[in-house]
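# Commentary on secondary and tertiary structure
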Amino acid sequence: MKLFQKSHKITIVQPALDIITEEAVKARDVDKERGGSLVGIQADKESFILYSIPTGQNAHTSGVHIDTDEVFQNHCINRIRS
């Protein structure tokens, strides 16, 4: 199998990276999926991650499945928009 990959740079601001790291540590600690949303700007060869939204406290997770907290996610996205 041959894998083709375009060169694409991803830049993540520190506060967003902090949340990503925190979610990863929580996932490891409880052995359940964690995940949220990334919000940013995309260009042809670069993406800028400006915000990372955590899973949310009302998410339903297991070791192989996740349903994020939709109400929490949408609230955060609306705050970012304004």
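Residues numbered from 1 in each chain as written. Predicted model: local features only at pLDDT ≥ 70, side-chain atom pairs only at ≥ 80, totals over all residues. Heavy atoms only, no water.

## What about the pattern of salt bridges?
Condition: Note on definitions: salt bridges are taken to be side-chain nitrogens of Lys or Arg within 4 Å of carboxyl oxygens of Asp or Glu. In DSSP terms, a helix is any run of H or I states spanning at least four residues, a strand is any run of E spanning at least two, and both are numbered starting from the N terminus.
Under the counting rule described, the total for this entry stands at four salt bridges. The residue E22 makes a salt bridge to K26 at a minimum N-O spacing of 3.3 Å. Of this pair, E22 and K26 both sit in helix 1 (residues 14-30), four residues apart, roughly one helical turn.

## Regarding the sheet that holds strand 3 (residues 46-53)
Stated formally: Two strands make a pair as long as DSSP finds a minimum of two bridges between them. Note on geometry: axes are lines fitted to C-alpha atoms, helical ones only across the stretch in contact, with angles between N-to-C directions running from 0 to 180 degrees. Throughout, a residue-residue contact means that at least one pair of heavy atoms, one from each residue, lies within 4.5 Å.
Within the open sheet, the three strands sit side by side as 1-3-2. Their pairing is mixed. For this open sheet the edge positions go to strand 1 (9-12) and strand 2 (37-42), each flanked by a neighbour on one side alone. Neighbour-to-neighbour, the strand axes of the sheet open up by a mean angle of 30°, direction not taken into account. Strand direction decides the pairing type here: strand 2 and strand 3, joined by six bridges, are antiparallel. When the bridges of strand 3 are listed, Q42 appears paired with S47. Strand contacts of helix 1: strand 1, strand 2 and strand 3, with the helix running at about 60° to strand 3, the strand carrying the most contacts. Packing of helix 2 (residues 70-81) onto the sheet brings it into contact with strand 2 and strand 3, and relative to strand 3 it is tilted by some 120°.

Distances and angles like these do not, on their own, reveal function.
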